Amino acid sequence: MEDKKSYDLRFLHMRFIGKIIAGFTHEIKNYIAIIKESAGLIEDMIKLGIASKSDPDQYVEIIRSIEEQIEKTNSLFRYLNRFAHRMDNELSAFNVNESLEELIALLTRIANQKKISLEKDFQHDIPSITSSPSMLQFLVFHFLEENIARLDKNSRLIVKTAPLKNSIEVRIIPKGNFLTMEMEKEKIPDEILNNVIRQLGGSISHGSEEDTIITLPAAST
Amino acid sequence: MKQKEKDLKVLLVDDEVAFADTLAQRLKMRNLKVGTAHDGEQALSKIKEEEPNVIVLDLQMPGIHGMEVLREIKKAYPDIQVIVLSGHGTDKDEEEVRRLGGFDFLKKPADIDHLEYTIRKAFQKKIERTM
């Protein structure tokens, strides 16, 4: 029978995936609503004879807007597909920047709801590592979510990556004012976080100010 | 009554600018006067300026949540009718909207004819309340 720690981790991981999917569907539904209204607007214009052949630019403008929403939808689907495939294998070789980029894309709306700007500061020559991309995303998501809950509106949250000698560093840097009363959020016990990072052979530490630093070995353990 | 229908002013509140602008255009084609706001704070200040009779309100917006905006509107302007138009509202949200005095709860994407009908019905209620 699965022990309690494994069960708790599995539950929290499922909850993380659920939150990502909820954010994704929210965003997609918005894009679809815009597409529907834009198509409806063209229909209205035709029915009411508002734009004539002499002024086709009005139609072209709406069609461009539809294309833009389709492109945004497609891009988000690409990120979700990559996110889903991160779980294909327990360990795999992956680029940390790419895995964090898709996480940020899927989380941006959640941050925007609190008027927090989610930014990336990735070092581009970062080597691929062999580890669990899904668990890394789970950890980074946890710290981002925790900071989103603590930060006041109009703050910034930066995800920075850098290669070290035999490892990769992911730094989560909050910039702005912290709320005196945190929004309610279910806390993940430190024991579980420590367990995950131990399994990945890395470490979690806190830098000066409020930074959180996740370090992962460049080679799998 | 016809004369009064000319007074129908709608404020459309949604953080998706493209959505709000397109929907506003469609409602204007149906002879409604429509203004837009893109977050709760902007909505509350536009209510003072534009004095709408009916507000179409999204729930999930940056800054003040739509539910909080609804609460503030009903407290300060109890006669204004608020239709919530949300892509993600749950049954619990719908219950809360009605408890706070919201006129109706519609899900995105809504049928334009149904939305227009609901707006006009909400306006009728506003007239009845102020008669």
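Procedures and definitions
- Residues numbered from 1 in each chain as written.
- Chains lettered and ligands numbered in written order.
- Predicted model: local features only at pLDDT ≥ 70, side-chain atom pairs only at ≥ 80, totals over all residues.
- Contact = placed C-beta atoms within 7 Å.
- Helix = DSSP H or I, 4+ residues; strand = E, 2+ residues; numbered from the N terminus.
- Nonpolar A, V, L, I, M, F, W, Y, C, P; charged D, E, K, R; others polar.
- Buried ≥ 20, exposed ≤ 12 C-beta atoms within 10 Å, placed from the backbone.
- Arc of directions from axis to C-beta.
- Pairing = 2+ DSSP bridges.
- Right-handed = clockwise from strand over helix to strand, strands pointing away.
- Core = buried A, V, L, I, M, F, W, Y, C linked by C-beta atoms within 7 Å.
- Domains from an automatic or database assignment.
- Axes fitted to C-alpha atoms, helices over the stretch in contact; angles between N-to-C directions.
- Parallel < 35°, antiparallel > 145°, perpendicular 65-115°, else oblique.
- Left-handed = near helix turned anticlockwise from the far one by under 90°.

Taken together, the contacts link 16 residues of chain B with 18 residues of chain A. Per-element tally for the side of chain B that touches chain A: the top contributor is helix 2 (residues 17-29) of chain B, with 7 residues. Looking at the side of chain B that touches chain A residue by residue, the class counts come to 7 nonpolar, 6 polar and 3 charged.

Here the focus is the environment of I46 of chain A. Along the chain, I46 of chain A falls in helix 1 (residues 4-48). Expressed as a C-alpha distance, the spacing of I46 of chain A and Y59 of chain A, which sit 13 residues apart in the sequence, is 9.6 Å.

Moving on, we come to helix 4 (residues 66-76) of chain B. Residues and elements named next belong to chain B. By the burial criterion, the buried members of helix 4 are G66, M67, V69, L70 and I73. Seen along its axis, helix 4 keeps its buried residues to an arc of 155°; they face one direction. Opposite the packed face of helix 4, turned more than 90 degrees from it, sit the exposed residues K75 and A76. Contacts made by the buried residues of helix 4 are with helix 3 (40-50), strand 3 (54-57), strand 4 (81-86) and helix 5 (91-99).

With that settled, the discussion passes to the pairing of strand 5 (residues 104-107) of chain B. Residues and elements named next belong to chain B. Pairing of strand 4 with strand 5 involves 4 bridges; the strand directions are parallel. For S86, the partnering residue across the bridge sits in strand 5 and is K107. In this fold, the crossover linking strand 4 to strand 5 by way of helix 5 has right-handed handedness.

Let us look at the nonpolar core. If you look at the biggest cluster of nonpolar residues, it comprises 42 residues, and the most contacted ones within it are L12, I55, L57, V82, I83 and V84 of chain B. Broken down by element, the residue count for this core peaks at 5 residues, all from helix 1 of chain A. Apart from the residues lying within four places of it in its own chain, the contact partners of L57 of chain B are V13, G66, V69, L70, V82, V84 and L85 of chain B. The next biggest cluster of nonpolar side chains, apart from the first, holds 35 residues, and it includes F141, F143, I148 and L151 of chain A.

All names here are of chain A. Assigned domains of chain A: these are domain 1 (4-85) and domain 2 (92-217). Put simply, the middle of domain 1 and the middle of domain 2, counted by C-alpha atoms, are 26 Å apart. Every contact between the two is made by 16 residues of domain 1 and, on the other side, 12 residues of domain 2. Looking at which element gives the most residues to the side of domain 1 that touches domain 2, the answer is helix 1, with 11 residues. Partitioning the side of domain 1 that touches domain 2 into residue classes produces 9 nonpolar, 3 polar and 4 charged.

Moving on to the packing of helix 3 of chain B against helix 4 of chain B. All names here are of chain B. Between helix 3 and helix 4, the shortest axis-to-axis distance is 10 Å and the interhelical angle comes to 20°. Judged by the angle between their axes, helix 3 and helix 4 are roughly parallel. Judged by the twist between their axes, the crossing of helix 3 over helix 4 is right-handed. Residues G40, A43, L44 and I47 of helix 3 lie in contact with helix 4, whose contacting residues are G66, E68, V69, E72 and I73. Across the contact of helix 3 with helix 4, the residue classes tally to 5 nonpolar, 2 polar and 2 charged.

Turning our attention to the sheet that holds strand 2 (residues 33-37) of chain B. Hydrogen bonding along the main chain pairs the strands of a sheet, whether they run parallel or antiparallel. Residue and element names in this part refer to chain B. Taken in spatial order, the 5 strands line up as 2-1-3-4-5 in an open sheet, and their pairing is parallel. Since the sheet does not close on itself, it has two edges, and those belong to strand 2 and strand 5, each with one partner. Averaged over all neighbouring strand pairs, the angle between strand axes comes to 20°, with direction disregarded. Of the strands in this sheet, strand 1 (9-13), strand 3, strand 4 and strand 5 are in contact with helix 6 (residues 112-130), which crosses strand 4 at around 155°.

This next bit is on unusual backbone geometry. Residues and elements named next belong to chain B. In this structure, the amide linkage connecting K108 to the following residue, P109, adopts the cis form with an omega of -10°. Mapped onto the fold, P109 is located in the loop between strand 5 and helix 6. Even without being a glycine, E51 presents a positive backbone phi close to 45°. Looking at the secondary structure, you find E51 in the loop between helix 3 and strand 3.

Residue and element names in this part refer to chain A. Relative to the helices and strands, V196 resides in helix 5 (residues 190-199). What makes V196 buried here is the crowd of 20 C-beta atoms within 10 Å. Along the primary structure V196 and H124 are separated by 72 residues, whereas in three dimensions their C-alpha atoms are 26 Å apart.

Attention now goes to the sheet that holds strand 2 (residues 117-122) of chain A. Residue and element names in this part refer to chain A. Judged by pairing direction, the sheet is mixed, and its 5 strands sit side by side in the order 2-4-5-7-6 without closing on themselves. Looking at the sheet topology across the chains shown, the edges are occupied by strand 2 and strand 6 (203-206). Going across the sheet, the axis of each strand differs from the next one's by a mean of 15°, ignoring polarity. Two elements, strand 5 (residues 167-175) and strand 7 (residues 212-217), share 6 bridges in a ladder whose sense is antiparallel. Across the sheet, residue S167 finds its bridge partner in strand 7, namely P217. Helix 3 (residues 96-113) contacts strand 2, strand 4 (156-163) and strand 5 of the sheet and is inclined by roughly 170° relative to strand 2. Its contacts with the sheet put helix 4 (residues 133-150) on strand 4, strand 5 and strand 7, and the angle it makes with strand 5 is roughly 15°.

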